[in-house]
Amino acid sequence: MNQILMVLFTLVMLIPIHLSYADNKEGVANQLNVYTLKSGDTLWDIARTRYGNRHYSSIVMTHNNITASHKLNIGMAIKLPGLDTLMEKEGVNRIAKEEMELILSANTLFLSNVHILVNARKGTRRQQPLEIPDATSKDLIVAANKLDQAIEKLSNVKSRGHEVPKSMILQLSKIPDELKKLAAGSNDGYGYDIDMIHQRMIRAINNAIHWSREES
């Protein structure tokens, strides 16, 4: 049963369901960063294809001022800029540019190694230690260190007149240790640990957007 659950989770993580989105000439493949909704599209599918994980749908909703996913209309244009561009457009860089660059850099390192972590778990038993490639371990440790730096720097943002959301710090603070565990070969057998890093990173980024809007 554990093996079946792991396979199912891997498929959800790696396979974009709505392939027409990836093939849309007016979509991300053409680097226009705008996608026109068609029948059958979901924000989960769009977020997974554009940003690498379905949970980015919350950021898509925030950036496009979508209050409920069921209020989507065919023909609606969804803006999907890269995260660095999104931080600029949302004004986050105005109050915490250096901190967000560290966070997004850490996120990029994590995302670039997710497929390696998932593949390393194929055919393994739950909690069986894994042999992680040295390059992946190094990337994950660097990502953890970048987040530690970002958290420390965010503590000084308040002195510049901006109150950092506690929820943002809380989400970020849980990630470095999780990254270090993955770097050491930690394996929960299901991939929930990987998914939780996705979720916490996304929540922190989303919190940053709301923070910037409140400060403007």
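In case you missed it, the structure is sitting above this.
Residues numbered from 1 in each chain as written. Predicted model: local features only at pLDDT ≥ 70, side-chain atom pairs only at ≥ 80, totals over all residues. Heavy atoms only, no water.

(A) Representation of the overall build of the protein chain. When you go through the protein chain residue by residue, the secondary structure sums to 10 helices and two strands. Order of helices (α) and strands (β) in the protein chain, N terminus to C terminus: α-α-β-α-α-β-α-α-α-α-α-α. Taking all 216 residues of the protein chain together, the buried fraction comes to 49%. Partitioning the intrachain contacts of the protein chain with sequence separation of at least 6 by distance along the chain shows that 74% fall at a separation of at least 24. Carbon and sulfur atoms provide 53% of the accessible area of the protein chain, an area that totals close to 11,100 Å². (Helix = DSSP H or I, 4+ residues; strand = E, 2+ residues; numbered from the N terminus. Buried < 20%, exposed > 50% of the residue type's maximum accessible area, 1.4 Å probe, protein only. Contact = heavy atoms within 4.5 Å. Areas by Shrake-Rupley, 256 points an atom, 1.4 Å probe, with all protein chains shown as cover.)

(B) Region of interest: the pattern of salt bridges. Applying the stated criterion to the full structure yields eight salt bridges. Between Lys97 and Glu101 there is a salt bridge, and its shortest N-O distance comes to 3.2 Å. Placement of both Lys97 and Glu101 in helix α6 (residues 92-120) is noted, with a separation of four residues, approximately one turn of the helix. (Salt bridge = Lys/Arg side-chain N within 4 Å of Asp/Glu carboxyl O.)

(C) Highlighting the environment of Thr42. Relative to the helices and strands, Thr42 resides in the loop between β1 (34-36) and α3 (43-51). Looking at Thr42, the relative accessible area reads 31%, which means it is partly exposed.

(D) Structural context of the nonpolar core. Counting residues in hydrophobic clusters, the biggest one holds 55 residues, and the most contacted among them are Met168 and Leu179. For this core, the leading source of residues is α6, giving 13 residues. With near-sequence residues (within four places) excluded, Met168 lies in contact with Met100, Ile103, Leu154, Ala204, Asn207, Ala208 and Trp211. (Core = buried A, V, L, I, M, F, W, Y, C linked by side-chain atoms within 4.5 Å.)

(E) Expanded view of helix α7 (residues 134-154). In this model, α7 (21 residues) spans 30 Å end to end at C-alpha, consistent with the 30 Å of a helix rising 1.5 Å per residue. Along α7, the positions that sit buried rather than exposed are Thr136, Ser137, Leu140, Ala143, Ala144, Leu147, Ala150, Ile151 and Leu154. Looking straight down α7, one finds its buried side chains confined to an arc of 145°; they lie on one side. For α7, exposure combined with an orientation more than 90 degrees from the buried face picks out Asp134, Ala135, Lys138 and Glu152. Contacts made by the buried residues of α7 are with α6, α8 (166-173), α9 (175-183) and α10 (192-215). (Expected span 1.5 Å × (residues − 1). Arc of directions from axis to C-beta.)

(F) The packing of α7 against α9, seen in detail. For the pair α7 and α9, the least separation of the axes is 8 Å and the interaxial angle reads 170°. As the angle between them shows, α7 and α9 are arranged roughly antiparallel. In this structure, α7 contributes Ser137, Leu140, Ile141, Ala143, Ala144, Leu147 and Asp148 to the contact, and α9 contributes Ile175, Pro176, Leu179, Lys180, Leu182 and Ala183. Partitioning the contact of α7 with α9 into residue classes produces 10 nonpolar, one polar and two charged. (Axes fitted to C-alpha atoms, helices over the stretch in contact; angles between N-to-C directions. Parallel < 35°, antiparallel > 145°, perpendicular 65-115°, else oblique. Nonpolar A, V, L, I, M, F, W, Y, C, P; charged D, E, K, R; others polar.)

(G) Region of the structure containing the packing of aromatic side chains. The tally for this structure, following the rule as stated, stands at two aromatic pairs. Residues Tyr190 and Tyr192 carry aromatic rings whose centres are separated by 5.3 Å and whose planes lie at 20° to one another, so their mutual orientation is stacked. Residue Tyr190 is classed as buried on the basis of its relative accessible area of 14%. For the cation-ring pair, Arg54 lies above Trp44, with the distance from its terminal atom to the ring centre recorded as 4.4 Å. (Phe/Tyr/Trp six-rings, centres within 6.5 Å; stacked < 30°, edge-to-face > 60°. Lys NZ or Arg CZ within 6 Å of the ring centre and 35° of its normal.)

(H) Spatial organisation of the packing of α6 against α10. Taken N-terminus to C-terminus, the directions of α6 and α10 make an angle of 165°; their axes are 11 Å apart at the nearest point. When the interaxial angle is binned, α6 and α10 end up roughly antiparallel. In the crossing of α6 with α10, the sense of the turn from one axis to the other is left-handed. Of the residues belonging to the contact of α6 with α10, the class tally is 18 nonpolar, three polar and two charged. (Left-handed = near helix turned anticlockwise from the far one by under 90°.)

(I) Representation of the environment of Leu104 within the structure. Relative to the assigned elements, Leu104 resides in helix α6. Between the alpha carbons of Leu104 and Leu147 there is a distance of 9.1 Å; along the sequence they are 43 residues apart. Every residue in contact with Leu104, bar those within four places of it in the chain, is listed here: Leu83, Asp84, Met87 and Ile205.

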